[in-house]
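Architecture and fold: a report
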Amino acid sequence: MPANVHIFDTTLRDGEQSPGATMTPDEKVRLARQLDSLGVDIIEAGFPIASPGEFETVKRIAAAVKGAQVAALCRTRAGDIDRAWDAIKDGARPRLHVFIATSDIHLEHKLGMTRAEVLDQIRFGVARCKALTDNVEFSAEDATRSDPAFLLQAFDVAIESGARVLNVPDTVGYTMPEEYTALVSAIKELIGDRDVIISAHCHDDLGLAVANSLAAIKAGARQVECCVNGIGERAGNAALEELVMALRTREDLLDCQTQVDTTKLVATSRMVADITGMTVAPNKAIIGRNAFAHESGIHQHGVLAQRETYEIMSPESVGFTNTRISLGKLSGRHALSDRLQQLGYSLDKDQLKGVFDAFKRLADRKPDILDEDLHALVGATTADGAQRFELTTIQTASGSDIVATSTVTLRVDGDPRTADGSGDGPVDAAIAAIVAASQLSSARLVEYSLAAITPGSDAQGRVHVLVDIDGAPARGQGTHTDIVVASARAFVDALNQHVGRPEAGERIRRPGAAY
Ligand code: KIV
Ligand code: ZN
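Residues numbered from 1 in each chain as written. Chains lettered and ligands numbered in written order. Predicted model: local features only at pLDDT ≥ 70, side-chain atom pairs only at ≥ 80, totals over all residues. Heavy atoms only, no water.

1. Observations regarding the side chain of N237
The residue N237 is located in the loop between β9 (223–226) and α9 (240–249) in this model. Residue N237 is classed as buried on the basis of its relative accessible area, which comes to 2%. Not counting residues within four places of it along the chain, the set of residues in contact with N237 comprises T10, D14, H201, C202, H203, A209, C227, G230, I231 and G232. (Helix = DSSP H or I, 4+ residues; strand = E, 2+ residues; numbered from the N terminus. Buried < 20%, exposed > 50% of the residue type's maximum accessible area, 1.4 Å probe, protein only. Contact = heavy atoms within 4.5 Å.)

2. Digging into the nonpolar core
When a protein is soluble and globular, its nonpolar side chains tend to lie buried together. The biggest cluster of nonpolar side chains holds 110 residues, and the ones touching the most others in it are I122, F138, L166, L240 and L265. Here F138 is in contact with V98, F99, I100, I122, V126, F155, A158, A163, V165, L166 and N167, once residues within four sequence places are set aside. Counting residues in each nonpolar core, the second largest holds 28 residues, with L440, V485, A488 and V492 among its members. (Core = buried A, V, L, I, M, F, W, Y, C linked by side-chain atoms within 4.5 Å.)

3. Description of the sheet that holds strand β12 (residues 402–412)
In a beta sheet, neighbouring strands pair by backbone hydrogen bonds and run either parallel or antiparallel. Reading across the sheet, the 3 strands line up as β11-β12-β13 and stay open at both edges, with antiparallel pairing between neighbours. The sheet terminates laterally at β11 (389–399) and β13 (415–423), the two strands that pair on one side only. Adjacent strand axes in the sheet meet at a mean angle of 15 degrees, parallel and antiparallel pairs treated alike. Docked against the sheet, helix α17 (residues 426–438) engages β11, β12 and β13, running at close to 140 degrees with respect to β13. (Pairing = 2+ DSSP bridges. Axes fitted to C-alpha atoms, helices over the stretch in contact; angles between N-to-C directions.)

4. Remarks on the packing of aromatic side chains
Per the counting criterion, the structure on display carries 3 aromatic pairs. With a centroid separation of 6.5 Å and an interplanar angle of 25 degrees, the aromatic rings of F356 and F359 are classed as stacked. Note that F356 and F359 are positioned in helix α15 (residues 349–365) at a spacing of 3 residues, about one turn of the helix. Residue classification places F359 among the buried positions, given a relative accessible area of 0%. (Phe/Tyr/Trp six-rings, centres within 6.5 Å; stacked < 30°, edge-to-face > 60°.)

5. Structural notes on α17
When the terminal C-alpha atoms of α17 are compared, their 18 Å separation across 13 residues agrees well with the 18 Å that a helix rising 1.5 Å per residue should span. Regarding α17, the residues found buried are A429, A430, I431, A433, I434, V435, A437 and S438. Count one or two residues on from α17 and you reach Q439, which has phi positive near 60 degrees. (Expected span 1.5 Å × (residues − 1).)

6. Examining the domain arrangement of the protein
Per the domain assignment, the segments of the protein are domain 1 (3–276), domain 2 (297–381) and domain 3 (389–500). The C-alpha centroid of domain 3 is placed 27 Å from the C-alpha centroid of domain 2. Of the residues lining the interface, 12 residues belong to domain 2; the matching set on domain 3 comes to 11 residues. Buried surface at the junction of domain 2 and domain 3, summed over both partners, amounts to about 850 Å²; 52% is from carbon and sulfur atoms. Seen at the junction of domain 2 and domain 3, the total is 0 salt bridges. The interface formed by domain 2 and domain 3 holds 2 residue pairs in polar contact (both at pLDDT 80 or more) in total. (Domains from an automatic or database assignment. Buried area = accessible area lost by both parts, 1.4 Å probe. Salt bridge = Lys/Arg side-chain N within 4 Å of Asp/Glu carboxyl O. Polar contact = N/O pair within 3.5 Å; in protein donor to acceptor, adjacent residues only side chain to side chain.)

7. Concerning the pattern of salt bridges
A complete count under the given rule lists 26 salt bridges for this structure. K28 serves as the salt-bridge partner of E54, at 3.2 Å between the closest nitrogen and oxygen. In this pair, E54 is assigned in helix α2 (residues 52–64) and K28 in helix α1 (residues 25–38), connecting sequence segments 26 residues apart. The exposure classification of E54 matches that of K28, with both residues buried. Here D413 makes a salt bridge to R388, at a shortest N to O gap of 3.0 Å. Of this pair, D413 sits in the loop between β12 and β13 while R388 is found in the loop between α16 (371–381) and β11, placing the two residues 25 residues apart along the sequence. Bridged by salt links that share partners, the residues R13, D14 and E44 form one connected network.

8. Remarks on the coordination of the zinc ion (ligand 2)
The protein atoms that coordinate the zinc ion (ligand 2) are D14 (OD), H201 (NE2) and H203 (NE2), at distances spanning 2.0 to 2.1 Å. Positions of the donor residues of the zinc ion (ligand 2), expressed as sequence spacing, correspond to D-x186-H-x1-H. Taken together, the residues D14 in the loop between β2 (6–9) and α1 and H201 in strand β8 (residues 197–202) connect sequence positions 187 residues apart. With respect to class, D14 is no different from H201; both count as buried. (Donors = N, O, S within 2.8 Å, 3.2 Å for Na, K, Ca; no water.)

Right, dumping it as structure tokens:
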């Protein structure tokens, strides 16, 4: 029987530390539900001491998640630990995740502590967590650049103080597979017959996060920490979908398995990309658009004759489908709901209603609705709660010999406001009109990208934008068969993201920086 490896998803905590990937509280709760239905074992919900908004969001996630354990991050300080526990204690399966750095470089330049003081901190912090729950994980930040003898001493103190999981972060993505294997083996030996799990937490600065995590599993780690789409601080964390599929595809070699429902990987990846605005490269392993596309004639011939000639896993096994939905204008909610479930989404009633209404509107304009369209509809219409800005109508005039103009009506807190704008092309004009109607005069477009999500000239266009509002970045996305409308929606979405944050404009304090 293969051994079980726990998937610890940190998309909502380390993943959110990707530059520009800030998520609103509603988005985090929605994503947490999706991760729960994906079958991950632990969801790291956030760092509650960081801000009141972060605390409330972690609390909401702990209440919403029914299957997975929900972890909250804290430093070894009493205030951090108590705040983290308050945020998760009413959840079904809370876990405290307490950390402190152990490398000399962090001790000297960041913590200003001696090794003895760090050991005292570990003793204090882990014991305080243990007094609140048996489910305690201890992380030695920058473990891979720590003196191995001191690291083992630190882990021994953590075990004796009550930690049940020891995490070995490769915080700066520095280690190599053989080196990490040796480190994990030494920790395994230290643990001996004590009931403690080793966890790998790898960053991707040298492109080795997944390889290093697998090396740790080979050496005995039974938990891996990862993010959907490999997002995360700097170059990101180990990609969840790559780890899960490597374990499944090479079970013969690794003799390990996970409880993840792999057919929901694509849907979860789309949700993360839509929420964060961090699009997935077409050649990204497992969930990229081209991950199963065979271009050369020889490959196509081989796959047609026998799939296994060039495919080591099937597109269906990760949630890619080739089906054209046979729903049209007259189809019902039930059929749409079935299809969305087959695609890997678990939406609540209100979210389904939103997608259904959008589906009907799209069916009026586009007879052939593909699965890609449905993914886009889910991404575009499952924003929960009332939005401050709502795009009601937009009209634009543009052409080769005229100055582009646009008239936009927005509902701002429910009140209609109409404004005109002109500019260098229809998108520029539409944005000028939106800025005027919203009265957020400092809003400025910084980045813009547009992609057709299906083939054909009637395809929906999806626009992602990065908008600077009073010096704070806000991402937005919009989808429509008319690309000017898609652009206007994306810009309005960014305005809503800005005002929807717990502390509009303020970046959440990061754990490392705060110590
Ligand atoms: O990379 C890291 O060291 C971390 C810890 C806080 C676990 O994210
Ligand atoms: Zn990390």
